[in-house]
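Next come the chains, spelled out residue by residue.
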Amino acid sequence: MITCAEAVEQLWAYLDGALTAEDKEALEEHLGFCRVCCGEVEFAKELRGFLARSVSEDLPDDVRARLMSTLDELGAA
Amino acid sequence: MRGGRNNAGATSVFQCGDAGPSDGAQTADERFRLLAEEQLPRLYTIARRLIGDEAEDAVQDALLKAYRGFGRLQHASAGPAWLTSILVNVCRDRGRARARAPEEVSIDVVGEFSLYRKIADEDPFPYSDSLHLDFLAQFGPEDVRAVLARLPELYRVPLVLVYVDGFATKEVARLLDAPLGTVLARLHRGRKLFEHELWDYAETNGLLLEAAR
């Protein structure tokens, strides 16, 4: 039986599908009766989505223009 | 950590006039330009996340190195991954150059920190029905960028590549020329540090106070 601390250590790896079958089984057994760690799992899911969504970066037109100039110069070299 | 194995350019010569992966009647210069132009938005996005304000310079450096090494690219289909690996190495070199202190962080620094439990224990928004989501909602894109910028490059790079750009951990190991176990360990510490720094940033920048009003 794993502890809450051990379960929390493995949550992201669990969501990544990176745990061994044995570790996954032990974690899921723990999650079966621990509401706090179930909350940790749900929050870890939210946090992953939050990280992916929060830092979208568009290529500004002026930066694109300067980088395209670099490509023009390379082609002319 | 070693760097630069994938970093084309240092010893190469200009050879794009008659080299590079072949695709019909296009010249190597044309093929390179097509590949680079198509990948510019993605490269810039990755660079911004990895190195912030130096992104444009990093992409420019990567384009120069890629151009010089284009003749060594065997298959056109590998072009995007090849460009990415050059860019990641440029960003790492720049990150290392500006780092002022050793970056290895002991797991003891963040210990068993759990942001989930910290939020629940501190209860920053007493009238909230969705405490944890409300905490995350306080962060705008600039805040998240600032939190990521606080992380040492050693941890920020794999964290961003996996959880923002969607690379598999094995791909990241190849991009960084590092053993998979090393990448997994850095991801683990990076996640812990990210959680820790989110809380610290929220506290020091008044995000909790503003929301509680």
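Being a predicted model, the structure only gives us computed values, none of them experimental. (Residues numbered from 1 in each chain as written. Chains lettered and ligands numbered in written order. Predicted model: local features only at pLDDT ≥ 70, side-chain atom pairs only at ≥ 80, totals over all residues.)

Peer 1: Which residues make up the overall build of chain A, and what values do they have?
Peer 2: Counting its secondary structure elements, chain A contains five helices and zero strands. Secondary structure of chain A in N-to-C order comes out as α-α-α-α-α. Taken over the C-alpha trace, chain A has a radius of gyration of 22 Å; the compact-globule value for 77 residues is 11 Å, which it surpasses by more than 25%. Viewed in the frame of its principal axes, chain A has a C-alpha envelope of about 65 × 25 × 15 Å. In chain A, which comprises 77 residues, the share counted as buried stands at 18%. (Helix = DSSP H or I, 4+ residues; strand = E, 2+ residues; numbered from the N terminus. Rg over C-alpha atoms; globule rule 2.2 N^0.38 Å. Buried ≥ 20, exposed ≤ 12 C-beta atoms within 10 Å, placed from the backbone.)

Peer 1: Outline the overall build of chain B, listing residues and values.
Peer 2: Counting its regular elements, chain B contains 11 helices and zero strands. Walking chain B from its N terminus toward its C terminus, one meets helices and strands in the order α-α-α-α-α-α-α-α-α-α-α. Going through the 213 residues of chain B one by one, you find that 41% of them count as buried. The long-range fraction of contacts in chain B, counting pairs at least 24 apart against all pairs at least 6 apart in sequence, stands at 72%. (Contact = placed C-beta atoms within 7 Å.)

Peer 1: Could you give me a rundown of the nonpolar core, with the residues and numbers involved?
Peer 2: Residue and element names in this part refer to chain B. Of all hydrophobic cores here, the largest spans 67 residues; its most connected members are A47, A58, V59, A62 and L87. Residue contributions to this core peak at 10 residues, all from helix α1 (residues 28-51). Residues in contact with A47, not counting those within four places in the same chain, are A55, A58, V59, L87 and C91. (Core = buried A, V, L, I, M, F, W, Y, C linked by C-beta atoms within 7 Å.)

Peer 1: Lay out the confidence of the model for chain B in plain terms, naming residues and giving numbers.
Peer 2: Residue and element names in this part refer to chain B. Confidence in the prediction for chain B averages 80 pLDDT; 80% of positions are at 70 or higher. Helix α4 (residues 107-110) is the least confidently modelled element of chain B, averaging 60 in pLDDT, while helix α2 (residues 55-69) averages 94, the highest of any element. Overall, residues 1-19 carries pLDDT values under 50, and its contacts beyond four positions in sequence, including any with other chains, amount to 42 contacts. Model confidence for the complex: the whole-complex pTM is 0.76, and ipTM, which rates the interface, is 0.80. (pLDDT = per-residue confidence, 0-100.)

Peer 1: Requested: an account of the domain arrangement of chain B, with residues and values cited.
Peer 2: Residue and element names in this part refer to chain B. Domain boundaries in chain B define domain 1 (28-98) and domain 2 (107-212). Each partner contributes residues to the interface: domain 1 has 10 residues there, and domain 2 has 11 residues. When contributions to the side of domain 1 that touches domain 2 are tallied by element, the ones reaching two or more residues are α1 and α3 (79-98). Across the side of domain 1 that touches domain 2, the residue classes break down as three nonpolar, four polar and three charged. (Domains from an automatic or database assignment. Nonpolar A, V, L, I, M, F, W, Y, C, P; charged D, E, K, R; others polar.)

Peer 1: How would you sum up the interface of chain A and chain B? Please name residues and give values.
Peer 2: A common way to express how large an interface is: the accessible area buried when the components associate. Taken together, the contacts link 24 residues of chain A with 30 residues of chain B. Elements with a contribution of two residues or more to the side of chain A that touches chain B: α1 (4-9), α4 (35-54) and α5 (61-76) of chain A. Top contributing element to the side of chain A that touches chain B by residue count: α4(A), with nine residues. Classifying every residue of the side of chain A that touches chain B by side-chain character gives 14 nonpolar, four polar and six charged.

Peer 1: Please give an account of helix α10 (residues 180-204) of chain B that cites residues and values.
Peer 2: With 25 residues, α10(B) should reach 36 Å at 1.5 Å per residue; the first-to-last C-alpha distance of 35 Å fits that figure. Immediately downstream of α10(B), the backbone of G206(B) shows phi near 70°, a positive value. (Expected span 1.5 Å × (residues − 1).)

Peer 1: Tell me what's going on with the packing of helix α8 (residues 153-163) of chain B against α10(B), and back it up with residues and numbers.
Peer 2: Residue and element names in this part refer to chain B. Across the interface, α8 lies against α10 with an axial gap of 8 Å and an inter-helix angle of 95°. When the axis of α8 is compared with that of α10, the two are roughly perpendicular. Here α8 contributes L154, Y155, R156, P158, L159 and V162 to the contact with α10, which in turn contributes V183, R186, L187, R189, G190, R191, L193 and F194. The residue makeup of the contact of α8 with α10, split by class, is nine nonpolar, one polar and four charged. (Axes fitted to C-alpha atoms, helices over the stretch in contact; angles between N-to-C directions. Parallel < 35°, antiparallel > 145°, perpendicular 65-115°, else oblique.)

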